[in-house]
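A structural walkthrough
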Amino acid sequence: QVQLVESGGGLVQAGGSLRLSCAASGGTFSSYFMGWFRQAPGKEREFVAAISQRSISTDYADFVKGRFTISRDNPKNTMYLQMNSLTPEDTAVYYCAATYSTRLPRRGTSYDHWGQGTQVTVSS
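The following refers to the structure shown. Note that the structure is predicted; figures quoted are calculated from it, not measured. (Residues numbered from 1 in each chain as written. Predicted model: local features only at pLDDT ≥ 70, side-chain atom pairs only at ≥ 80, totals over all residues. Heavy atoms only, no water.)

1. Things to note about the pairing of strand β7 (residues 68-73)
When a strand is regular, its side chains alternate between the sheet's two faces. Burial along β7 is one-sided: Phe-68, Ile-70 and Arg-72 are buried, while Thr-69, Ser-71 and Asp-73, pointing the other way, are not. Where β7 lies against strand β8 (residues 78-83), 6 bridges are found, and the strand directions are antiparallel. By the bridge assignment for β8, Thr-69 is matched with Gln-82. Taking the residues between adjacent antiparallel strands as the criterion, β7 and β8 are bridged by 4 residues, where Asn-77 takes a positive phi near 55°. (Buried < 20%, exposed > 50% of the residue type's maximum accessible area, 1.4 Å probe, protein only. Helix = DSSP H or I, 4+ residues; strand = E, 2+ residues; numbered from the N terminus. Pairing = 2+ DSSP bridges.)

2. Quick word on the pattern of salt bridges
In total, this model carries 4 salt bridges according to the counting rule given. Residue Arg-38 is joined to Glu-46 by a salt bridge in which the shortest nitrogen-to-oxygen separation is 2.7 Å. On the basis of relative accessibility, which here comes to 5%, the residue Arg-38 falls in the buried class. The exposure class of Glu-46 is partly exposed, given its relative accessible area of 31%. The salt bridge involving Arg-67 is made with Asp-90; its shortest N-O contact spans 2.7 Å. Placement of the pair is Arg-67 in the loop between β6 (58-60) and β7 and Asp-90 in the loop between β8 and β9 (92-99), with a sequence separation of 23 residues. Classification of Arg-67 by relative accessible area gives buried; the value is 18%. (Salt bridge = Lys/Arg side-chain N within 4 Å of Asp/Glu carboxyl O.)

3. Concerning the sheet that holds β7
In space, the 4 strands of this open sheet follow the order β1-β3-β8-β7, with antiparallel pairing throughout. The sheet terminates laterally at β1 (3-7) and β7, the two strands that pair on one side only. Each neighbouring strand pair of the sheet contributes to a mean axis angle of 15°, computed without reference to strand direction. (Axes fitted to C-alpha atoms, helices over the stretch in contact; angles between N-to-C directions.)

4. Focus on the environment of Ala-24
Relative to the elements of secondary structure, Ala-24 occurs in strand β3 (residues 18-25). Owing to a relative accessible area of 11%, Ala-24 belongs among the buried residues under this scheme. Taking the C-alpha atoms as reference, Ala-24 lies 6.6 Å from Val-5; in sequence the two are 19 residues apart.

It is worth stressing that arrangement in space is one thing and function is another; only the former is reported here.
So this is what it looks like as structure tokens:
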């Protein structure tokens, strides 16, 4: 069973950038379809981005298109989320998630394994 650990969160000014990492262990990382989700205080968890096992396909929420880039390095068992042009509305806890396969990558219930989250705070 895979374990996921996010890192790279922090405090950044509006317009700045951060790169989140999701390190996987205990499973065959290259077998998993991966996703990023986020949850802001008082709001429901929402889909951010997803990437297939061999990086052939990616998917992004409309609100991050052109600003965020999802990627993965299978030999390093790590997934990334490069976040540029951050705004205060991007403030949230960001979670990575894994599943063997899904036809609904934007649904949180499609994923079987979750990390503990990393806080991203964007100041105005």
